[in-house]
Amino acid sequence: MRKSDLKFMPEYFERYINLVEDHVSLVEELKQSETIFENISEKLIDFQDYRYDTGKWTPKEVLQHIIDAERIFAYRALCVSRLEPQALLGFDENAYANNSNANNRSIENLLKEFKLVRQSTIILFESFNDDMLHLSGISSHIKISSLAIGFTIIGHAKHHLNILEERYFIS
């Protein structure tokens, strides 16, 4: 399914979903973006402990945030596709970052985890049929479909990759 197949756009996640091209297939884009960090892995190593301002995350913490968020988004898609009747809770990204231990891990280890999480996400979305992708539920007080969650996963990673390029990897 493609972004144009979305029946509605959840406003809060629109900023992420809009980073995904209209013509791409959800699963194919998940597979292609599985290697999203390969081109910048050297920069990640060079700037791994850099903070562009007080209180901002290091690249390691940014990468861990992407991993954590993808796990949470994939869980939400699973819940929606299985018709979970309960509204799903949000999460405090700063609390997760502060308690992630990312800065005591290697970039290589974080990249390995990202690839494994992405592979799991791909398999999950491959298991959904079109009806499951169009099901919607409530997450963080927002109505969202499994399909929109999938494109949010892709756009969220792109959003943070853009931040890394713009604010961290200073030439």
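This text follows the structure it describes.
Quick look at the structure, then. This one's a predicted model, so the numbers in the text were calculated from it and none came from an experiment. (Residues numbered from 1 in each chain as written. Predicted model: local features only at pLDDT ≥ 70, side-chain atom pairs only at ≥ 80, totals over all residues. Heavy atoms only, no water.)

1. Description of the packing of aromatic side chains
No. 1: As enumerated under the stated definition, the model contains nine aromatic pairs in all.
No. 2: Look at Phe47 and Tyr50: their rings are 6.2 Å apart centre to centre, the planes differ by 75°, and that puts the pair in the edge-to-face class.
No. 3: Relative to Tyr96, the ring of Phe91 lies with its centre 5.1 Å away and its plane at 65°, an arrangement referred to as edge-to-face.
No. 4: Classification of Tyr96 as partly exposed rests on a relative accessible area of 39%.
No. 5: The structure contains a cluster of three or more aromatic residues connected by ring pairs, namely Phe47, Tyr50, Tyr52, Tyr168 and Phe169.
No. 6: Arg15 extends its terminal NZ or CZ atom over the ring of Tyr12, reaching a point 5.3 Å from the ring centre.
No. 7: For the cation-ring pair, Lys143 lies above Phe8, with the distance from its terminal atom to the ring centre recorded as 4.9 Å. (Phe/Tyr/Trp six-rings, centres within 6.5 Å; stacked < 30°, edge-to-face > 60°. Buried < 20%, exposed > 50% of the residue type's maximum accessible area, 1.4 Å probe, protein only. Lys NZ or Arg CZ within 6 Å of the ring centre and 35° of its normal.)

2. Here we look at the environment of Pro59
No. 1: Turning to its location among the elements, Pro59 is positioned in helix α4 (residues 59–81).
No. 2: Taking the C-alpha atoms as reference points, Pro59 and Ile163, 104 residues apart in sequence, are found 9.7 Å from one another.
No. 3: Ignoring any residue separated from it by four or fewer positions in sequence, one finds Pro59 in contact with Leu44, Phe47, Gln48, Tyr50, Leu164 and Tyr168. (Helix = DSSP H or I, 4+ residues; strand = E, 2+ residues; numbered from the N terminus. Contact = heavy atoms within 4.5 Å.)

3. Focus: the packing of α4 against helix α6 (residues 107–127)
No. 1: Their axes nearest at 10 Å, the elements α4 and α6 cross at an angle of 15°. Considered as vectors, α4 and α6 are oriented roughly parallel to each other. Considering only the axes of α4 and α6, their crossing is left-handed. Residues Lys60, Leu63, Gln64, Ile66, Ile67, Glu70, Arg71, Ala74, Ala77 and Leu78 of α4 touch α6, and the partners they reach there are Ile107, Leu110, Leu111, Glu113, Phe114, Val117, Arg118, Thr121, Leu124 and Phe125.
No. 2: Across the contact of α4 with α6, the residue classes tally to 13 nonpolar, two polar and five charged. (Axes fitted to C-alpha atoms, helices over the stretch in contact; angles between N-to-C directions. Parallel < 35°, antiparallel > 145°, perpendicular 65-115°, else oblique. Left-handed = near helix turned anticlockwise from the far one by under 90°. Nonpolar A, V, L, I, M, F, W, Y, C, P; charged D, E, K, R; others polar.)

4. Details of the nonpolar core
No. 1: One finds Phe13, Leu26, Leu30, Phe125, Phe128, Ile149 and Phe151 to be the most contacted residues of the largest nonpolar core, which totals 28 residues.
No. 2: Looking at this core, the elements with two or more residues in it are α1 (14–17), α2 (26–32), α4, α6, α7 (130–134), β2 (142–145) and α8 (146–168).
No. 3: Counting residues per element, this core draws most heavily on α8, which supplies six residues.
No. 4: Residues in contact with Leu30, not counting those within four places in the same chain, are Arg118, Thr121, Ile122, Phe125, Ile153 and Ile154.
No. 5: With 21 residues, the next largest nonpolar core counts Leu44, Trp57, Leu63 and Leu111 among its residues. (Core = buried A, V, L, I, M, F, W, Y, C linked by side-chain atoms within 4.5 Å.)

5. Some points on the pattern of salt bridges
No. 1: Enumeration according to the criterion identifies ten salt bridges in this entry.
No. 2: Between Arg118 and Glu70 there is a salt bridge, with its nearest N and O atoms 2.7 Å apart. Separated by 48 residues along the polypeptide, Arg118 in helix α6 and Glu70 in helix α4 bring together distant segments of the chain. There is no split in this pair, since Arg118 and Glu70 are both buried.
No. 3: The structure contains a network of salt bridges with shared partners spanning Glu28, Lys31 and Glu126. (Salt bridge = Lys/Arg side-chain N within 4 Å of Asp/Glu carboxyl O.)

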